[in-house]
Amino acid sequence: MFIKRTTFLIVVVNWLIGLSCQTVQPVASVDKNSPKRYNWHQRQIHPSFAIEQRDSSGTTIAITILSKTFEADFPSFLDINAHVMEKDSMMLYHQRFEILPIPAAAKGQWIGYLKIPAKAKILQDIVLKFGPNGMADQYYLNWPLEKNGWITPDFIDTKTIAAGEKIIKSGNGRTVFAPLSDKLPSPPFSNNPPFVPETFETFEKDSAIAQPGAYIYYLDNGVSSIDMVHAFDKTLHPAFPEFVTTSELAGPMRYLCSKEEYEKIQKSTDGPENAMEKFWIQSAGGKEKARALIKTYYQRVWDANHHFTSYAEGWKTDRGMIYLIFGHPEKIDIENNLEIWSYTLETGQLQFAFESKKHPLWGEIFILKRNEQYRPHWEFQVSQWRQGRIFK
């Protein structure tokens, strides 16, 4: 029996490791009229983006693509379109690269560089299109383009690096290091807002080996914007924003479990992975359905980590909590300082309003406007998970 349980978890973990090569499919269709604040769709291309250089002439962005992205014919050219804000208007920067087959010495990587002039202040997104096969995708990066900011060769679009990697400061500006919150947010029907860390250390050096936490660069541009990099311990999070170890997988289950159940998972004499397995199989009613249920849930964990990581890992934020349990909203509206997510559920129409607040340490954060009226919706949706009835 023990062997069977272990085999089941190995299969699940191997599947989750595969997520590091792809992004996740949205769990609900998106209203076409919703603003594209988040990019919730299956990726075709899996690049990494880096701020290679910052100086008074502009910002150089490095784009790295693995050759395994192309399973058939290798493309002959790459078009890069970068949308940036210049003062109050949106501008487009375009560059075409001719691409030759990647030589073995390049270790399966292609790197191109895009220089954006200093007059551009904020990078909104980058669109990559390969020819002649037409493979294309869009990446919402929202980076400040200043002479001041972080430089690191290991940026991805989540702005996450491994602790132990070198982080470099460019230009003059106030910089700090802050630990992330490890506390889960309270349920949406509670009166308690999430814990947002207030402690920090001033970062004086021009470069350092990153420690687990957030490195925050306050840009000296008069608009109090920040450039933030998150560093994660690879022994605890080997593939962040993916979760691939049994210890990682246990954490997000707290939203679905009672306190007693969660403690049992953590302290099970059979090992936490076996108690975890029992929970999912009992919820789904079988191993095959359990795999599908786990896949959906941890796809949502990936999305939350990818989009919402700030003062805490993305799944530990208010928006991450709601996304894990309720999935992708049918519509996202932006009204003044509110981001409103709309759902249609069996329990009726539902809206969650997240208030955008300017935090002196973390910049813009989003806090759910909690209400006791959310209780029946939350409890019903959790029961759907526990009955294996979440199919999207």
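For the structure, see preceding data.
Draft legend 1. How the structure looks around the sheet that holds strand β1 (residues 47–55). As summarised here, the arrangement of the three strands in space is β1-β2-β5, forming an open sheet in which the pairing is antiparallel. Two strands in the sheet have a free side with no partner beyond their single neighbour: β1 and β5 (109–117). Sheet twist, expressed as the mean angle between neighbouring strand axes with direction ignored, is 20°. Where β1 meets strand β2 (residues 58–66), eight bridges bridge the pair, whose relative direction is antiparallel. Considered in β2, the bridge of F49 is made with I63.

Draft legend 2. Local environment of the nonpolar core. In terms of nonpolar packing, the biggest core is built from 48 residues, with W280, Y297, I322, I325, F326, W341 and F352 touching the most fellow members. In terms of residue count, the dominant contributor to this core is helix α5 (residues 287–308) (eight residues). Once you skip the residues sitting within four places of it in the chain, I325 turns out to touch Y255, L256, Y297, R300, W378, Q381, V382 and W385. Counting residues in each nonpolar core, the second largest holds 26 residues, with I51, Y93, F97 and W143 among its members.

Draft legend 3. Just α5, in detail. Taking 1.5 Å as the rise per residue, α5 with 22 residues should run 32 Å; its terminal C-alpha atoms sit 31 Å apart, in good agreement. Most of α5 is tucked away: 16 of the 22 residues are buried.

Draft legend 4. View of the packing of aromatic side chains. With the rule as written, the count across this model stands at 23 aromatic pairs. Judged by centre distance (5.9 Å) and plane angle (40°), the rings of F308 and W341 are tilted. Residue F308 is located in helix α5, and its partner W341 is located in strand β17 (residues 338–345); the two are separated by 33 residues in the primary sequence. On the basis of relative accessible area, F308 is assigned to the buried category, the value being 3%. Here the aromatic cluster, defined as three or more aromatic residues joined through ring pairs, consists of F232, F240, F243, Y255, W315, F326, Y343, F352, Y374 and W378.

Draft legend 5. Here's a closer look at unusual backbone geometry. In this chain, F240 is followed by P241 through a cis amide linkage whose omega measures 15°. The backbone of N336 shows a phi angle near 55°, a positive value even though the residue is not glycine. Secondary-structure assignment places N336 in the loop between β16 (331–335) and β17. A relative accessible area of 82% places N336 in the exposed class.

Draft legend 6. Summary view of the side chain of R370. Here R370 shows up in the loop between β19 (363–368) and α7 (375–386). The class of R370 is buried, set by a relative accessible area of 16%. Within the local environment of R370, its side chain forms a polar contact with the backbone oxygen of P187, the two atoms lying 3.3 Å apart. Within polar-contact distance, the side chain of R370 engages the side chain of D318 at 2.7 Å. Those residues in contact with R370, other than ones at most four positions away along the chain, are P185, S186, P187, P188, S190, N192, P193, P194, D318 and M321.

Draft legend 7. The sheet that holds β16, seen in detail. An order of β16-β17-β18-β19 is seen for the four strands of this open sheet, with the pairing classed as antiparallel. Each edge of the open sheet is held by one strand with a lone partner, namely β16 and β19. The mean angle between the axes of side-by-side strands here comes to 25°, regardless of whether they run parallel or antiparallel. In the sheet, β17 pairs with strand β18 (residues 348–359) via eight bridges, with the strands oriented antiparallel. The partner of L345 across the bridge, within β18, is G348.

Draft legend 8. Fine view of the pairing of strand β11 (residues 174–178). When you tally the buried positions in β11, you get four out of five residues, the bulk of the element. With five bridges connecting them, β11 and strand β14 (residues 213–218) associate as antiparallel partners. Residue R174 lies in a different strand from β14, and its bridge partner there is Y218. Sheet topology note: the β11/strand β12 (residues 201–202) ladder contains two bridges and is antiparallel. Note that in β12 the partner of V176 across the bridge is T202.

Draft legend 9. Focus on the pattern of salt bridges. One pass over the full model with this rule turns up 13 salt bridges. Across the pair D227 and K159 runs a salt bridge whose closest N-O atoms are separated by 2.2 Å. Linking D227 in strand β15 (residues 226–232) with K159 in the loop between β8 (149–151) and β9 (160–162), this pair joins segments that are 68 residues apart in sequence. In this structure, K316 engages D182 in a salt bridge whose closest nitrogen and oxygen atoms are separated by 2.5 Å. Linking K316 in the loop between α5 and α6 (318–326) with D182 in the loop between β11 and β12, this pair joins segments that are 134 residues apart in sequence. By relative accessible area, which is 59% here, D182 ends up exposed. Salt bridges sharing common partners tie together R54, K159 and D227.

Rules behind the numbers
- Residues numbered from 1 in each chain as written.
- Predicted model: local features only at pLDDT ≥ 70, side-chain atom pairs only at ≥ 80, totals over all residues.
- Heavy atoms only, no water.
- Pairing = 2+ DSSP bridges.
- Helix = DSSP H or I, 4+ residues; strand = E, 2+ residues; numbered from the N terminus.
- Axes fitted to C-alpha atoms, helices over the stretch in contact; angles between N-to-C directions.
- Core = buried A, V, L, I, M, F, W, Y, C linked by side-chain atoms within 4.5 Å.
- Buried < 20%, exposed > 50% of the residue type's maximum accessible area, 1.4 Å probe, protein only.
- Contact = heavy atoms within 4.5 Å.
- Expected span 1.5 Å × (residues − 1).
- Phe/Tyr/Trp six-rings, centres within 6.5 Å; stacked < 30°, edge-to-face > 60°.
- Polar contact = N/O pair within 3.5 Å; in protein donor to acceptor, adjacent residues only side chain to side chain.
- Salt bridge = Lys/Arg side-chain N within 4 Å of Asp/Glu carboxyl O.

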